[in-house]
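# Notes for the structure review
Here are the chains, one letter per residue:
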Number of protein chains: 2
Amino acid sequence: MSDIYALPDSGLLAFLLFDWLDIGHQDERETWLAMIDMAQRLAADAFLPHYREADITEPRLETDGVHILPAIQTALNLYREMGLFGANFSEEQGGLGLPFAVSLAMQSNFAAANVSTSAYPKLTAANARLILAFGTPAQIEQFAQPEIEGRWFGTMCLSEPQAGSSLADVRTRAILDGEDALGARYRLTGNKMWISGGDQDASDNIVHLVLAKVARSDGSLPEGSKGISLFIVPKILPDGSRNDIAVAGINHKMGFRGTSNCLLNFGESDGAIGWRVGAERDGLVQMFMMMNEARIDVGMGAAALAYRGYRLSLRYAQERSQGRAIGVRGGEPLPILTHPDVRRMVLQQKAYAEGALALCIYCGHLVDRADEEAEALLALLTPIAKSWPSEFGVMANDIAIQVHGGYGYTRDFAVEQLWRDNRLNPIHEGTTGIQAIDLLGRKLLFSDGGSLALLRERIAATTARASAFAEWDGLGTILLTFWDRIEAVIAALRTRGGAEAFDDATLFLRAFGHGVVAWLWLDQAMSALALADPQPRIGTVYACRFFFETELPQALGWLSIVAAHSDLVRNTPERAFA
Amino acid sequence: MSDIYALPDSGLLAFLLFDWLDIGHQDERETWLAMIDMAQRLAADAFLPHYREADITEPRLETDGVHILPAIQTALNLYREMGLFGANFSEEQGGLGLPFAVSLAMQSNFAAANVSTSAYPKLTAANARLILAFGTPAQIEQFAQPEIEGRWFGTMCLSEPQAGSSLADVRTRAILDGEDALGARYRLTGNKMWISGGDQDASDNIVHLVLAKVARSDGSLPEGSKGISLFIVPKILPDGSRNDIAVAGINHKMGFRGTSNCLLNFGESDGAIGWRVGAERDGLVQMFMMMNEARIDVGMGAAALAYRGYRLSLRYAQERSQGRAIGVRGGEPLPILTHPDVRRMVLQQKAYAEGALALCIYCGHLVDRADEEAEALLALLTPIAKSWPSEFGVMANDIAIQVHGGYGYTRDFAVEQLWRDNRLNPIHEGTTGIQAIDLLGRKLLFSDGGSLALLRERIAATTARASAFAEWDGLGTILLTFWDRIEAVIAALRTRGGAEAFDDATLFLRAFGHGVVAWLWLDQAMSALALADPQPRIGTVYACRFFFETELPQALGWLSIVAAHSDLVRNTPERAFA
């Protein structure tokens, strides 16, 4: 499969990082670009070739644990040899010291080539970052270091069979068992569900980060999410013995199959040994710091899958001839890209895929900036970076199938697998509905509005750029009007108050996301036009116009539904569903 | 799997057929209802149980042909024993004489239970109907009769590897070989792609209906779609010998796997023997008569899959407890159906699934009426009946997965397979894009507008019913305004003219479909409120309101995009995609 042309183009990535976001100095940029090129080659050589195979040959559970496709381990060995597990850890930490935004650009290649293989290092890096942030020096050396080196992999153990979105109901319990060089030591018992990479045979050890509640002296567990603490629970203990963790089952997914996904039982015998990270009851706060980056990673994965589908269907539409222009009879069939309906389907995918890619890299850059403004913007935009690429990425992949016609429905073409793989993204790491409540609640209605004001400043800066061009000033006005409308809806929801304000949160999230992506498209178009030669990036200009012409009007419709404050859904009686 | 509750409810079907569409007399209705109940039981007992198995154990090609899952044959044997292959053929033709609308209601159960098993009899009936319409008495007795009895199955061989949507480019050739009791006899050579049921081991013979061009004396083929003729090409010839048809390959699909799908080579040796049906060069016209019913069948299949996903996710949302109301802490978790976002997701599925079901049964009733008005309306609505359930059925199944969260992404639940199965429907029997061109071209811009005027009359009759209720009159006004807007857009497109008028045909189709479904929802709601006791059908009333509140405003957005007549997509240069 010579799909390398379908991986994120380094010209596009360089434009986003350097021309658009102005990251780094000239000499750094050359190094980073070389690394992005290297990532693309590695993705093409070692990740792409087993994309279909990893879908067919699922991870299997045997008596000695979970076995994954050997090609995954081979690919990750090469990845490790290039130091990529530590891509955006500092050099003192044993990493390559790349900015997060640059590492995301590299990641987009691995995720586009093989999203489920790329999940292992992403989970591992997120795990190590959390230990670095909150762990003791001994914990960092013992657990984070082998992860940064890529010898050990990491997992996040949050969900339980009865507690997915609602972590307050976590029942895994931890009982203090003493103290040693690695900190306060506990025995854990409980079941953890949906654990990606929960077991596999590709790394020497697995570092589980587990949310659990410390039992009171009477054996009861504290209630609610504030009672949750965080523990490091390795598969193999420092003395080389196996910890008390059993793989109780493996989930058979519709897609994303290369990433093993397990039900883990902690403490079937004496209790699994774990060391607490940070203070008791700080678990959820710590986890959410990490979750923010994990959510950008999910968004980037979704964007990358959408991008590959876009590129594959573009190529197909250029090469497949079928039919003639309307009103024309006879003559040779034309490439289907010349048919306006197909052309629109390809341009729509571009607007979604590259819009999502830009959104995630922008958020990655906010992570790197880490100043007060950047942190406020990042908090506001993270639910968008998670949900928008996920929702519209699946839609882009749906369109990629349609462009391929019947062929797209067969497993001879990659687009059907891209669609199935991408469908996980609106679910894991917080469903779209959860992101909507986060955006509308914590980030808007229950905040002082400061971060939204900052966002409006950034948007105003973009429209100021646009006002320099007569033909672009109109789009700037449309964008400002759209955001005025969003603010009016927020004000009305604030007045409405109560739980009812959240009834249409998901539709609000979707509209807000469209507003953010429209802004970023306009900003990118301005940067493209400012290039000495805009021609190589002329697609940015067309995709921007497409988004404003055909996507924003739909978002206005969603906003009008939110603004109507209907009680219909809430008041629909249960018998009406019967 | 005791999923019988997820199959179309006979109370709903009775409401649609009898209370809403007023089909049949009291005594007939009792018989039909008993048959619908019987169909539901058969679907639950013989079709549902192998739903997953047929997905896992795909049809396989061996040296003696294609083998399908034995459970499919067992189910179809029972189906045959009940005479259901001939459900809506007249009693003189050896059928049960059911109206098409009633047989569609029965079909909805089989399609919901197992869409790929139900495809065999649907294809067979469509095939037999075509032979009955255009064949000679000898052809009918020889080929259609065993199909009506369910002993032989039928296929439609239209597409070729290079000619899918564009049948004008068909290259299969037929050369006259004499004449016998079955009519003009030809030898056929060519490759036919995407042939559903193209080979299988469940029936004694397979009757292929093949589109081909009769070669001129110089060996050349006539150009364009007007040169196409139709042929009966059986797998086993009347003398018991094998015809010259080879299974060159089997397509490995993402879903809909129980239905074998083949590449057939006709005439690898001396040419496959076939008898012409009707006059030379009438092939496409004949095929399209049949395609109209086949397209309603596709829509019904899509509606049925959407309906099952709706019912499964409703049940899941009632039984799965997770989280609490916003602002509430502590206490037991609530069934997720109480969360407004989940409630909306379930109601949205109901609006799509039952809206699609009603649309298809309405069109089935137009087939039965067969008067001039009904035929005009049917021609106009067929592209909607094909495309709207397909597009929004897939969306409904997507939502069903989301309601299930992570569980919905696993193969332990049926919703992921429903989604995969349904994804075929916007592709086969004419893609959504093809339906859009048919609606906007042949049915609207290139017509005298008579059928649209008839549709407006029906809509006006519905709004007149609604005006009797103060609280419903408003919805009637909204509906009329929406249709005025559609007519204004059509008038503008007529003025625009040329191929450019079709640039946004797909978006126009989608909006037109929403307008049709909104009308049918309002009409159903009026019928529900007119019942002696509306309570059992109160869900119809809520779903109608939901559709008007949250779906129609979006359709207005789509119309505004069409009305803008943008040249952007058409004028986007190819280098902008690079």
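Residues numbered from 1 in each chain as written. Chains lettered and ligands numbered in written order. Predicted model: local features only at pLDDT ≥ 70, side-chain atom pairs only at ≥ 80, totals over all residues. Heavy atoms only, no water.

When you go through chain A residue by residue, the secondary structure sums to 16 helices and 10 strands. Compactness check: chain A gives a C-alpha radius of gyration of 24 Å against a globular reference of 25 Å for 578 residues, within 12% of the reference. If one aligns the C-alpha atoms of chain A with their principal axes, the spans along those axes are about 80 × 60 × 55 Å. Looking at chain A as a whole, 65% of its 578 residues qualify as buried. Counting contacts in chain A only where the partners sit at least 6 residues apart, residues at least 24 apart contribute 75% of the total. One way to put it: in chain A the 50 positive side-chain charges average out to a point 6 Å from where the 69 negative ones average out. (Helix = DSSP H or I, 4+ residues; strand = E, 2+ residues; numbered from the N terminus. Rg over C-alpha atoms; globule rule 2.2 N^0.38 Å. Buried < 20%, exposed > 50% of the residue type's maximum accessible area, 1.4 Å probe, protein only. Contact = heavy atoms within 4.5 Å. Lys, Arg positive; Asp, Glu negative; His and termini not counted. Charge placed at Lys NZ, Arg CZ, Asp CG, Glu CD.)

Residues and elements named next belong to chain B. One pass over the structure, following the stated rule, counts 49 aromatic pairs over all chains. Summarising the aromatic geometry, the rings of Tyr-79 and Phe-110 are spaced 4.9 Å apart at their centres and angled 75 degrees between planes, so their arrangement reads as edge-to-face. Taken together, the residues span a long stretch of sequence, with Tyr-79 in helix α4 (residues 70–81) and Phe-110 in helix α5 (residues 100–134) at a distance of 31 residues. Judged by its relative accessible area of 2%, Tyr-79 is buried. With relative accessibility at 1%, the residue Phe-110 sits in the buried group. Look at Tyr-316 and Phe-413: their rings are 6.0 Å apart centre to centre, the planes differ by 90 degrees, and that puts the pair in the edge-to-face class. Of this pair, Tyr-316 sits in helix α7 (residues 283–319) while Phe-413 sits in the loop between α9 (372–404) and α10 (415–422), and the two are 97 residues apart along the sequence. In this structure Tyr-316 comes out as buried when scored by relative accessible area, which is 12%. (Phe/Tyr/Trp six-rings, centres within 6.5 Å; stacked < 30°, edge-to-face > 60°.)

Turning our eyes to something else, we now look at the pattern of salt bridges. Opposite charge on two side chains allows them to pair when their charged atoms are near. Inspection of every chain in the model, using the stated rule, returns 66 salt bridges over all chains. A salt bridge links A:Glu391 to A:Arg510; the shortest N-O distance between them is 3.5 Å. Here A:Glu391, found in helix α9 (residues 372–404), pairs with A:Arg510, found in helix α14 (residues 505–529); they are 119 residues apart in sequence, far enough to count as distant. The exposure class of A:Arg510 is partly exposed, given its relative accessible area of 25%. The closest approach of N and O atoms between A:Asp567 and A:Arg496, which form a salt bridge, is 2.7 Å. Linking A:Asp567 in the loop between α15 (538–563) and α16 (568–571) with A:Arg496 in helix α13 (residues 470–496), this pair joins segments that are 71 residues apart in sequence. Connected through salt bridges with shared partners, the residues A:Arg52, A:Asp55, A:Glu58, A:Arg257, A:Glu416, A:Arg420 and B:Arg411 form a single ionic network. (Salt bridge = Lys/Arg side-chain N within 4 Å of Asp/Glu carboxyl O.)

We now examine the nonpolar core. The biggest cluster of nonpolar side chains holds 357 residues, and the ones touching the most others in it are A:Phe508, A:Phe512, B:Phe508 and B:Phe512. The residues touching A:Phe508, leaving out its near neighbours within four places in the chain, are A:Leu439, A:Leu440, A:Leu444, A:Ile486, A:Val489, A:Ile490, A:Leu559 and A:Val562. (Core = buried A, V, L, I, M, F, W, Y, C linked by side-chain atoms within 4.5 Å.)

Below, the discussion takes up the packing of α14(A) against α15(A). Residues and elements named next belong to chain A. Orientation of α14 relative to α15, taken along the N-to-C sense of each, is 160 degrees, at an axis distance of 9 Å. Here α15 runs roughly antiparallel to α14, going by the angle between their axes. The handedness of the crossing between α14 and α15 comes out as left-handed. Its residues assigned to classes, the contact of α14 with α15 comprises 21 nonpolar, 3 polar and 2 charged. (Axes fitted to C-alpha atoms, helices over the stretch in contact; angles between N-to-C directions. Parallel < 35°, antiparallel > 145°, perpendicular 65-115°, else oblique. Left-handed = near helix turned anticlockwise from the far one by under 90°. Nonpolar A, V, L, I, M, F, W, Y, C, P; charged D, E, K, R; others polar.)

Attention shifts here to the interface of chain B and chain A. Counting residues at the interface gives 90 residues for chain B and 90 residues for chain A. Among the residues chain B hides against chain A, the three largest losses belong to B:Tyr409, B:Arg411 and B:Phe577. Together they make up 12% of the total. Viewed at the interface, chain A and chain B are joined by 52 residue pairs in polar contact (both at pLDDT 80 or more). Grouping the constituent residues of the side of chain B that touches chain A by class yields 37 nonpolar, 28 polar and 25 charged. (Buried area = accessible area lost by both parts, 1.4 Å probe. Polar contact = N/O pair within 3.5 Å; in protein donor to acceptor, adjacent residues only side chain to side chain.)

The end-to-end C-alpha distance of α7(B), which contains 37 residues, comes to 53 Å, matching closely the 54 Å that a straight helix rising 1.5 Å per residue would cover. Of all bends in α7(B), the biggest is about 30 degrees, found at B:Met291. (Expected span 1.5 Å × (residues − 1). Bend = angle between axes of the 7 residues up to and from the residue.)

With that settled, consider unusual backbone geometry. In this model, A:Glu429 sits at a positive phi of 55 degrees, which is unusual for a non-glycine residue. Here A:Glu429 is to be found in the loop between α10 (415–422) and α11 (432–445). We note that B:Arg281 has phi near 70 degrees; this positive angle belongs to a residue other than glycine. For B:Arg281, the location among the structural elements is in the loop between β10 (272–277) and α7.

Let's shift gears to the relation of the copies chain B and chain A. With an RMSD of 0.0 Å, the operation that places chain B on chain A is a rotation of 180 degrees combined with a shift of 0.0 Å along the axis. Expressed as a symmetry operation, the mapping of one chain copy onto the other fits a two-fold axis. Interface overlap between copies: 100% of the residues of chain B at the interface are likewise at the interface in chain A, consistent with a symmetric, same-surface contact. (Least-squares fit on C-alpha atoms with pLDDT ≥ 70 in both.)

What follows covers the side chain of B:Asn261. All names here are of chain B. Considering the arrangement of structural elements, one finds Asn-261 in strand β9 (residues 261–266). For Asn-261, a relative accessible area of 6% corresponds to the buried category. A polar contact is formed between the side chain of Asn-261 and the backbone oxygen of Trp-194, at a distance of 3.4 Å. Excluding residues within four positions of it along the chain, Asn-261 makes contact with Trp-194, Ile-195, Ser-196, Gly-249, Ile-250, Asn-251 and Lys-253.

Here the focus is helix α1 (residues 10–20) of chain B. Along an α-helix, residues three or four apart share an orientation, since each turn contains 3.6 residues. Residue and element names in this part refer to chain B. Counting buried positions along α1 gives 8 out of 11 residues, so the element sits mostly inside the fold. Within the span of α1, buried status applies to Leu-12, Leu-13, Ala-14, Phe-15, Leu-16, Leu-17, Phe-18 and Trp-20. Here the buried face of α1 lies against α2 (26–47), α5, α7, α8 (340–369), α14 (505–529) and α15 (538–563). Where α1 starts, the residue carrying a side-chain oxygen 3.2 Å from the main-chain nitrogen of Gly-11 turns out to be Asp-9. Two residues or fewer after α1 comes Asp-22, characterised by a positive phi angle close to 55 degrees.

The predicted model of chain A has a mean per-residue pLDDT of 96, with 100% of residues at 70 or higher. Interface predicted TM-score (ipTM) for the complex: 0.98; the corresponding pTM is 0.98. (pLDDT = per-residue confidence, 0-100.)

All names here are of chain A. Strand β7 (residues 228–234) sits mainly inside the fold: 7 of its 7 residues count as buried. Neither face of β7 is open: one carries Ile-228, Leu-230, Ile-232 and Pro-234, the other Ser-229, Phe-231 and Val-233, and all of them are buried. Two elements, β7 and strand β10 (residues 272–277), share 3 bridges in a ladder whose sense is antiparallel. Across the sheet, the residue bridging to Phe-231 is Arg-276, located in β10. (Pairing = 2+ DSSP bridges.)

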